[in-house]
Amino acid sequence: MSTEIRRYIRSLGLDAYVVGGAVRDELLGIEHADEDFLVPGVDQAGLRAALEPHGRVEDLEVHGQLVGVRFHPRDGSIRVLAPAGIELTPPRRERSTGPGHRDFEIVPDASVSIVDDMARRDFTVNAMARRLETGELVDPFGGREDLERRELRTVGRESFAEDPLRIIRGLRLVSQLGFTLTDETVRQMQSEARRLAHVSAERIGGGQAADGLGELSKLLLGRRPAAALRLARDTGALVEVIPEFADAIGYQLPGGRQPLPLDEHVFAVVQGAADGGAKLAVRLAALLHDLAKPEADRGDGGHAGLGAELALAVMRRLRYPNVLRDEVARIVAGHAFWLDAPIDALFARRFLASHGSALAESLVALKRADLGAKVVEDWELEHLAELERLLAEEAESPHRLSDLAVDGDDLIAVGHREGPELGAALVRLLDHVVDEPAENDRDRLLELARQWLA
Ligand code: ATP
Ligand code: MG
């Protein structure tokens, strides 16, 4: 895919370069979904004028700053390859807007060279460009060598001070690519981590990027989130982003079931969720599921209920979408279930009835990761596997009100009154058929409903 879009952009005669993450991933042999292109010698208006004959051109804004254009080619065969459009930018430089070194904006400037545009980027491996016309690689900061060493190194000493989000971007790349940080980069992170408190929450959490994912989400979705989270802890970035982690660091739980300190336990669970291919909601739940343990140990609340409240607060602050936030809170609230009861079809149906099938699946995924990070007995893992098997087997058994063979109107027809009691009667019928699926028969349920009236 990338080669065709590159060939097309080249055919426009702009002498464009493909830049940043796309070049990094190309050298790593990884597919890069949305490639960015840099067009030298133009400003915003010039870029527009050059592209308008070939399709529709929209202004591209990132965090309220105009950074270039999103281009929708008229050529249908290219449009299907890039349905969201192709991002092209003029060269840009940082312009000071005040006395502090953080007071700057990034502005298009036709006179800026490719090398200077690379200089404002975050890491050397992200500061490379490839000229489409010749295939030449522009690599002013040794990005290629760092890539071979699998190391992340900042382009400049002030990089994190200028934009502290780059700290989380770096940790995200650690998780995604399995890279390490140079010692100097770790030191820079340590000394600038406190600035993360001033970064807008969307850029870290919920995300305003086209993919809707902030850097923390991308970190969790990577292959090695535990390594990245350890670095986040050791550099101080973790507590800046999620102050609720402070009490968990080094917190030792009583008993031998969970020998790791709470922070290490949490990292291991997140890693287990990643190894199991879990979705973002489960990985976020893994990150937050036990953070209320220290508080619960001090008081008398259950750690799962307190944890769900904590998860809501963290995700609200990080501007995650409400739907995801509520899903994560439900996973955290439900995660502490026991597996010591007999795991049979009835257990599975009740589990489905209280959680629904999607949440049930997430709870199993989190439990597997959680058990994997604890000292557990074989039967616990066997029971979990059995629960998973039975949840699939019982998926079609009635477990929702909508599965009942009768509805509220049927109950009114046999004499029930509208109102809360009607709802309660339906729930009671559901409990009944969850226990006895064969009883989910219209006549039988109406008979029960009549009996309950008498
Ligand atoms: P991915 O596309 O997989 O999220 P990426 O490295 O391409 O990774 P983008 O957000 O697409 O990340 O950014 C494209 C390029 O822009 C980066 O490779 C980097 O060169 C530069 N860049 C992005 N964000 C920053 C930043 N906060 N500071 C400096 N440079 C940045
Ligand atoms: Mg990219």
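Residues numbered from 1 in each chain as written. Chains lettered and ligands numbered in written order. Predicted model: local features only at pLDDT ≥ 70, side-chain atom pairs only at ≥ 80, totals over all residues. Heavy atoms only, no water.

K.L.:
Break down the side chain of Asp370 for me, with residues and values.
P.N.:
Positionally, Asp370 belongs in helix α20 (residues 357–372). A polar contact is formed between the side chain of Asp370 and the side chain of His265, at a distance of 3.0 Å. Those residues in contact with Asp370 that lie beyond four places of it in its chain are His265, Val269, His289 and His335. (Helix = DSSP H or I, 4+ residues; strand = E, 2+ residues; numbered from the N terminus. Polar contact = N/O pair within 3.5 Å; in protein donor to acceptor, adjacent residues only side chain to side chain. Contact = heavy atoms within 4.5 Å.)

K.L.:
Before we move on, could you go through the domain arrangement of the chain and cite the residues and values that matter?
P.N.:
According to the domain assignment, the chain consists of domain 1 (4–141), domain 2 (150–240), domain 3 (242–397) and domain 4 (401–453). Listed by partner, the interface residues are 21 residues for domain 2 and 21 residues for domain 3. Together, the buried faces of domain 2 and domain 3 total about 1800 Å²; carbon and sulfur atoms form 67% of this surface. On the surface where domain 2 and domain 3 come into contact, there are four salt bridges. (Domains from an automatic or database assignment. Buried area = accessible area lost by both parts, 1.4 Å probe. Salt bridge = Lys/Arg side-chain N within 4 Å of Asp/Glu carboxyl O.)

K.L.:
Please give an account of the packing of helix α15 (residues 280–288) against helix α18 (residues 322–334) that cites residues and values.
P.N.:
For the pair α15 and α18, the least separation of the axes is 9 Å and the interaxial angle reads 55 degrees. Of the possible angle classes, the one that applies to α15 and α18 is oblique. The interaxial crossing formed by α15 with α18 has right-handed handedness. Here α15 contributes Leu280, Ala281, Val282, Leu284, Ala285 and Leu288 to the contact with α18, which in turn contributes Leu324, Glu327, Val328, Ile331 and Val332. (Axes fitted to C-alpha atoms, helices over the stretch in contact; angles between N-to-C directions. Parallel < 35°, antiparallel > 145°, perpendicular 65-115°, else oblique. Left-handed = near helix turned anticlockwise from the far one by under 90°.)

K.L.:
Kindly report on unusual backbone geometry, identifying the contributing residues and their values.
P.N.:
The phi dihedral of Asp15 is positive, around 55 degrees, even though this residue is not glycine. Its location among the elements puts Asp15 in the loop between α1 (2–11) and β1 (17–19). At Arg150, a residue that is not glycine, the phi angle is positive and equals roughly 60 degrees. The topology assignment puts Arg150 in the loop between α6 (143–149) and β10 (151–152).

K.L.:
Requested: an account of the pattern of salt bridges, with residues and values cited.
P.N.:
One pass over the full model with this rule turns up 49 salt bridges. Where Arg149 meets Glu151, a salt bridge forms, and the shortest distance between an N and an O atom there is 3.4 Å. Given the relative accessible area of 44%, Arg149 is considered partly exposed. Its salt-bridge partner being Arg444, residue Glu439 comes within 2.8 Å of it at the nearest N-O pair. When its relative accessible area of 22% is taken as the criterion, Glu439 is described as partly exposed. (Buried < 20%, exposed > 50% of the residue type's maximum accessible area, 1.4 Å probe, protein only.)

K.L.:
How would you sum up helix α24 (residues 442–453)? Please name residues and give values.
P.N.:
Between its terminal C-alpha atoms α24 stretches 17 Å, which fits the 16 Å expected from 12 residues at 1.5 Å a residue. Residues of α24 that are buried: Leu445, Leu446, Leu448 and Ala449. Projection of α24 onto a plane perpendicular to its axis shows the buried side chains occupying an angular sector of 160 degrees, all on one side. Capping of α24 at its N-terminal end is provided by Asp441; its side-chain oxygen lies 3.3 Å from the backbone amide nitrogen of Asp443. (Expected span 1.5 Å × (residues − 1). Arc of directions from axis to C-beta.)

K.L.:
Would you mind going over the nonpolar core in detail, with residue names and values included?
P.N.:
Of all hydrophobic cores here, the largest spans 104 residues; its most connected members are Ile9, Leu88, Val328 and Leu387. For this core, the leading source of residues is α15, giving eight residues. Apart from residues lying up to four places away in sequence, Ile9 is in contact with Ala16, Phe37, Ile86, Leu88 and Leu132. Within the second largest apolar cluster, 15 residues are counted, among which are Leu422, Ala425, Val434 and Leu446. (Core = buried A, V, L, I, M, F, W, Y, C linked by side-chain atoms within 4.5 Å.)

K.L.:
Now, about the sheet that holds strand β9 (residues 137–138): what can you tell me, with residues and values included?
P.N.:
In spatial order, the strands read β3-β4-β5-β2-β1-β8-β9; together these seven strands make up an open sheet with mixed pairing. Strand pairing shows two members of the sheet lacking a second neighbour, β3 (55–62) and β9, which therefore form its edges. Relative to strand β4 (residues 65–73), β3 is paired through eight bridges, and the arrangement is antiparallel. The residue of β4 that forms the bridge with Glu61 is Leu66. Packed on one face of the sheet, helix α2 (residues 21–28) meets β1, β2 (36–38), β8 (129–131) and β9 and runs near 80 degrees to β1. (Pairing = 2+ DSSP bridges.)

K.L.:
Lay out the site of ligand 1 with the relevant residues and their values.
P.N.:
Looking at ligand 1, there are 15 residues lining it, with Gly21, Arg24, Asn126, Asp163 and Arg166 nearest. At 3.2 Å from an oxygen atom of ligand 1 is found a side-chain nitrogen or oxygen belonging to Arg169. Here ligand 1, which alone exposes 580 Å², has 78% of that area covered by the protein. Within the residue set of the shell around ligand 1, elements represented by two or more residues are α2 and α8 (165–177). Sort the elements by how many residues they give to the shell around ligand 1 and α8 lands first, with three residues. When grouped by side-chain class, the residues that make up the shell around ligand 1 number no nonpolar, four polar and 11 charged. Both domain 1 (4–141) and domain 2 (150–240) contribute no fewer than three residues apiece to the shell around ligand 1. (Near = heavy atom within 4 Å. Areas by Shrake-Rupley, 256 points an atom, 1.4 Å probe, with all protein chains shown as cover. Nonpolar A, V, L, I, M, F, W, Y, C, P; charged D, E, K, R; others polar.)

K.L.:
Outline the packing of helix α14 (residues 262–275) against α15, supporting the account with residue identities and numerical values.
P.N.:
Across the interface, α14 lies against α15 with an axial gap of 8 Å and an inter-helix angle of 165 degrees. Relative to α15, the element α14 lies roughly antiparallel. Note that α14 runs across α15; the crossing there is right-handed. Residues Val266, Val269, Val270, Ala273 and Ala274 of α14 lie in contact with α15, whose contacting residues are Val282, Arg283, Ala286 and Leu287.

K.L.:
So, the packing of aromatic side chains: which residues are in play, and what are the values?
P.N.:
Applying the stated criterion across every chain yields a total of five aromatic pairs. Judged by centre distance (6.5 Å) and plane angle (15 degrees), the ring pair of Tyr8 and Phe71 falls under stacked. Of this pair, Tyr8 sits in helix α1 while Phe71 is found in strand β4, placing the two residues 63 residues apart along the sequence. Given the relative accessible area of 10%, Tyr8 is considered buried. By relative accessible area, which is 0% here, Phe71 ends up buried. The interplanar angle of 15 degrees and the centroid separation of 6.2 Å between the aromatic rings of Phe347 and Phe351 together place this pair among those described as stacked. Within this pair, Phe347 and its partner Phe351 are both found in helix α19 (residues 345–355), separated by four residues, close to a single helical turn. Of the aromatic side chains, those joined through ring pairs into one cluster are Phe337, Phe347 and Phe351. Sitting above the plane of the Phe337 ring, Lys367 keeps its charged end 4.4 Å from the centroid. (Phe/Tyr/Trp six-rings, centres within 6.5 Å; stacked < 30°, edge-to-face > 60°. Lys NZ or Arg CZ within 6 Å of the ring centre and 35° of its normal.)

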